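Letter by letter, the chains look like this.
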Amino acid sequence: MRLLLIGYGKMGRTLEQLATQRGHEIVGTIDVTNHHLLSTFTGANVDAAIEFTHPESAFNNVSYCLRNNIPVVCGSTGWLDRFAEATAICEANQGAFFYASNYSVGVNLFFHFNEYVARKMQDYPHFQVSVKEIHHTQKVDKPSGTAITVVDGIQANYPGKQGWLLAPDQATDKISITSDRIGNVVGTHIVRYESENDTIELMHDAHSRTGFAEGAVMAAEWLQNKKGVFGMKDMLNL
Ligand SMILES: NC(=O)C1=CN([C@@H]2O[C@H](COP(=O)(O)OP(=O)(O)OC[C@H]3O[C@@H](n4cnc5c(N)ncnc54)[C@H](OP(=O)(O)O)[C@@H]3O)[C@@H](O)[C@H]2O)C=CC1
Ligand SMILES: O=C(O)C1=N[C@H](C(=O)O)C[C@H](O)C1
């Protein structure tokens, strides 16, 4: 496939390596310095774009692709207040849009187990649930997109729990999320259920960015000849 990489930072470079290994051609790499070149790409010269940039730029990049007939796989986090708008643009243009807060297959299994555990734990309300995420110090958004997906999965399966708060310093009926930024940590997510007597934890720890890149390239391959808005549950049948 002819792939356009929008965002050429830590993920963009990992994607370039992975996609090339899988036999794809990188037709362009876009970052802040050459963003004006994005307008030279359309569905005529690109089979799919993979977008990993920044919360402030993701929506415009995704919209550009959808309006110009480029199927787009987006991994940027921290911009989902505009997700409904992006969906509407996709529908209006009969485009193809794939979004995941986390493309790692392991994390998506973790999401699945998280939902199962939340369903079980609603019968044991003396356990207090909380979520913790740890990332590298360059990460700009807080909490991580993955932590928000984890909370969504808990809420959908544990009706008593509504909303989240970042590091509340007192008891609350919302789910507490703690975000730590440490060194070069790639991405660690922990769901904890704690009672007076014991603790249950479910954890995912990414060892490198390869798992994210692999999932995003798989999504671009899977998106070929499809129209609509998709996510990892569609691709992995989870
Ligand atoms: N869904 C998932 O599985 C994953 C999601 N992410 C998310 O992906 C995003 C990128 O992560 P990461 O690669 O680590 O970040 P980096 O900061 O390493 O890279 C971001 C890149 O985006 C570029 N950029 C910033 N603004 C624009 C713009 N307007 N148009 C084009 N490019 C732009 C930057 O350019 P420049 O260098 O010139 O500033 C840089 O090349 C983040 O939102 C992160 O949370 C990360 C990993 C996995
Ligand atoms: O910024 C990162 O690095 C990551 N961001 C994503 C998130 O916000 O969940 C996914 C992954 O954890 C790495």
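Look a little higher up for the structure.
So, here's what we can say about the structure. As the structure is a computational prediction, the values presented were derived from the model and not from experiment. (Residues numbered from 1 in each chain as written. Chains lettered and ligands numbered in written order. Predicted model: local features only at pLDDT ≥ 70, side-chain atom pairs only at ≥ 80, totals over all residues.)

Things to note about the packing of helix H1 (residues 10-21) against helix H6 (residues 210-223)
(1) Moving on: Two elements in contact, H1 and H6, have axes separated by 9 Å at closest approach and are oriented at 60 degrees. Comparing their axes, H6 and H1 come out oblique. Along this stretch, H1 crosses H6, giving a crossing that reads as right-handed. Taking contact as the criterion, the partners of Met11, Thr14, Leu15, Leu18 and Ala19 in H1 are, on H6, Thr210, Phe212, Ala213, Glu214, Ala216 and Val217.
(2) Moving on: Partitioning the contact of H1 with H6 into residue classes produces eight nonpolar, two polar and one charged. (Axes fitted to C-alpha atoms, helices over the stretch in contact; angles between N-to-C directions. Helix = DSSP H or I, 4+ residues; strand = E, 2+ residues; numbered from the N terminus. Parallel < 35°, antiparallel > 145°, perpendicular 65-115°, else oblique. Left-handed = near helix turned anticlockwise from the far one by under 90°. Contact = placed C-beta atoms within 7 Å. Nonpolar A, V, L, I, M, F, W, Y, C, P; charged D, E, K, R; others polar.)

Notes on the nonpolar core
(1) Moving on: Ranked by internal contacts, the top residues of the largest apolar core, which has 40 residues, are Ala48, Ile50, Val72, Val73 and Ala216.
(2) Moving on: Mapped by element, the contributors of at least two residues to this core are strand E1 (2-6), H1, strand E3 (48-51), helix H2 (58-67), strand E4 (72-74), helix H3 (83-92), strand E5 (96-99) and H6.
(3) Moving on: It is H6 that provides the largest number of residues to this core, a total of seven residues.
(4) Moving on: With 16 residues, the next largest nonpolar core counts Phe111, Ala118, Ile175 and Tyr193 among its residues. (Core = buried A, V, L, I, M, F, W, Y, C linked by C-beta atoms within 7 Å. Buried ≥ 20, exposed ≤ 12 C-beta atoms within 10 Å, placed from the backbone.)

A word on the site of ligand 2
(1) Moving on: Taken together, Thr77, Ser101, Asn102, His135, Lys139, Ser144, Gly145, Thr146 and Gly187 make up all the residues around ligand 2.
(2) Moving on: Partitioned by chemical class, the residues of the shell around ligand 2 number no nonpolar, eight polar and one charged.
(3) Moving on: Of the domains in this structure, domain 1 (2-103 + 210-236) and domain 2 (105-207) are the two that each give at least three residues to the shell around ligand 2. (Near = placed C-beta within 6 Å. Domains from an automatic or database assignment.)

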